[in-house]
Amino acid sequence: MPNVESYLNNDIFLISIAHTLFEEAKNEKLGHTFKKTVPAMLFYCLALESRLNTYGKVLFSNDYRKFRESSNLKEKVRWFLRRLNVYENELESEENKEILEKLLDSIDTMVDFRNLVVHSKSISHSESRELDDIEQLSDRFISKPRLQNDFTTLYSIESCERFKEAVSTFETIWYVKARQLFPDIDSKKLYGISHSESRS
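Residues numbered from 1 in each chain as written. Predicted model: local features only at pLDDT ≥ 70, side-chain atom pairs only at ≥ 80, totals over all residues. Heavy atoms only, no water.

> What is the right way to look at the overall build of the protein in this model?
Regarding its fold elements, the protein presents 7 helices and 2 strands. In the protein, the order of α-helices and β-strands from amino to carboxyl end is β-α-α-α-α-α-α-α-β. Looking at the protein as a whole, 36% of its 200 residues qualify as buried. Looking at the protein alone, contacts between residues at least 24 apart form 68% of all its contacts between residues at least 6 apart. As displayed, the protein offers around 12,900 Å² of accessible surface, 50% of which is attributable to carbon and sulfur atoms. (Helix = DSSP H or I, 4+ residues; strand = E, 2+ residues; numbered from the N terminus. Buried < 20%, exposed > 50% of the residue type's maximum accessible area, 1.4 Å probe, protein only. Contact = heavy atoms within 4.5 Å. Areas by Shrake-Rupley, 256 points an atom, 1.4 Å probe, with all protein chains shown as cover.)

> Help me understand a nonpolar patch on the surface in this model?
Judged by side-chain polarity, Ile-12, Phe-13 and Ile-17 come together as a nonpolar surface patch covering roughly 290 Å² of accessible area. Ile-17 gets classed as partly exposed once you look at its relative accessible area, which sits at 36%. (Patch = residues over 30% accessible without salt bridge, like charges linked within 9 Å, V, L, I, M, F, W, Y side chains within 5 Å. Salt bridge = Lys/Arg side-chain N within 4 Å of Asp/Glu carboxyl O.)

> Can you help me understand the nonpolar core in this one?
Soluble globular proteins tend to pack their nonpolar side chains together in the buried interior. Counting residues in hydrophobic clusters, the biggest one holds 47 residues, and the most contacted among them are Phe-80, Leu-81, Met-110, Phe-113 and Trp-174. For this core, the secondary structure elements donating two or more residues are helix 1 (11–26), helix 2 (34–59), helix 3 (64–68), helix 4 (73–83), helix 5 (94–118) and helix 6 (157–181). The element contributing the most residues to this core is helix 2, with 12 residues. With residues up to four places along the chain from it excluded, the contact list for Leu-81 reads Val-86, Tyr-87, Leu-100, Leu-103, Leu-104, Phe-170 and Ile-173. (Core = buried A, V, L, I, M, F, W, Y, C linked by side-chain atoms within 4.5 Å.)

> I keep staring at the packing of helix 5 against helix 6 and nothing clicks. Help me out?
A pair of packed helices is characterised by two quantities: the angle between their axes and the separation of those axes. Direction vectors running N to C along helix 5 and helix 6 enclose 125°, while the axes themselves pass 9 Å from each other. By the angle between their directions, the pair helix 5 and helix 6 is classed as oblique. Two packed elements cross with a definite hand, and for helix 5 against helix 6 that hand is left-handed. Here Ile-99, Leu-100, Lys-102, Leu-103, Asp-105, Ser-106, Thr-109, Met-110 and Phe-113 of helix 5 come into contact with helix 6, specifically with Arg-162, Phe-163, Glu-165, Ala-166, Val-167, Thr-169, Phe-170 and Ile-173. The class makeup of the residues in the contact of helix 5 with helix 6 is 10 nonpolar, 3 polar and 4 charged. (Axes fitted to C-alpha atoms, helices over the stretch in contact; angles between N-to-C directions. Parallel < 35°, antiparallel > 145°, perpendicular 65-115°, else oblique. Left-handed = near helix turned anticlockwise from the far one by under 90°. Nonpolar A, V, L, I, M, F, W, Y, C, P; charged D, E, K, R; others polar.)

> In this structure, what is going on with the confidence of the model for the protein? I would like to understand it.
Close reading of the predicted structure is inappropriate where its pLDDT is low. Summarising the model, the protein shows a mean pLDDT of 84, and 85% of its residues fall at 70 or more. In the model of the protein, strand 2 (residues 195–199) stands out as the element of lowest mean pLDDT, 73, in contrast to helix 1, which has the highest, 95. (pLDDT = per-residue confidence, 0-100.)

> What exactly am I supposed to notice about the packing of aromatic side chains here?
All told, the structure shown has 13 aromatic pairs when counted by the stated rule. Between Tyr-64 and Phe-67, the ring centres sit 6.5 Å apart and the planes meet at 35°, which makes this aromatic pair tilted. Taken together, the residues span about one helical turn, with Tyr-64 and Phe-67 both in helix 3 at a distance of 3 residues. Each of the two residues, Tyr-64 as well as Phe-67, counts as buried. Here Phe-80 and Trp-174 contribute two aromatic rings whose centre-to-centre distance is 5.6 Å and whose plane-to-plane angle is 40°, an arrangement assigned as tilted. (Phe/Tyr/Trp six-rings, centres within 6.5 Å; stacked < 30°, edge-to-face > 60°.)

> What exactly am I supposed to notice about the environment of Phe-170 here?
Relative to the assigned elements, Phe-170 resides in helix 6. The exposure class of Phe-170 is buried, given its relative accessible area of 1%. A sequence separation of 93 residues divides Phe-170 from Val-77, and the C-alpha atoms of the two residues are 9.7 Å apart. Beyond its immediate chain neighbours, meaning those up to four positions away, Phe-170 contacts Leu-48, Arg-51, Leu-52, Tyr-55, Phe-80, Leu-81 and Leu-103.

As structure tokens, then:
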């Protein structure tokens, strides 16, 4: 009787959810975009982390457990890119270095955003300032500050586009480098495509 081996990968669902929410966010009424933008950005973060673990399983086959359990996501991304020989590589072109610098900046923002959403808490703030005309009418009109430790300071259609681009750039780097490093690995495994196969 043949043995059936299955490889399941949910990355594509996370990316699909993010893309769908992002498209819906573009059509939301002014003042309501956060309802789609925040979850879209969060799903791009989840998709990136999932892709990192999927590709890391191939790249770190012997050290995968250590890689997977690494808790600092920013360092984990740099470790991954270093292992691919694209990070801190003097032989890379200036254009590639700029692309990588932009990618890492976006990923750092994504990690910060993810952490602020996942660990969201109430924030107390006090300041001395003059109230504008409408604020003087009632406390309900007093504008709330946008603080550094509040995820609402980071969401926007532009930020969502940046997160989407970061996931795409990360995937592109993997697709190009992985084929060079692992020419003999089945592309389904290399690119994290869910599949099943029977072995007798």
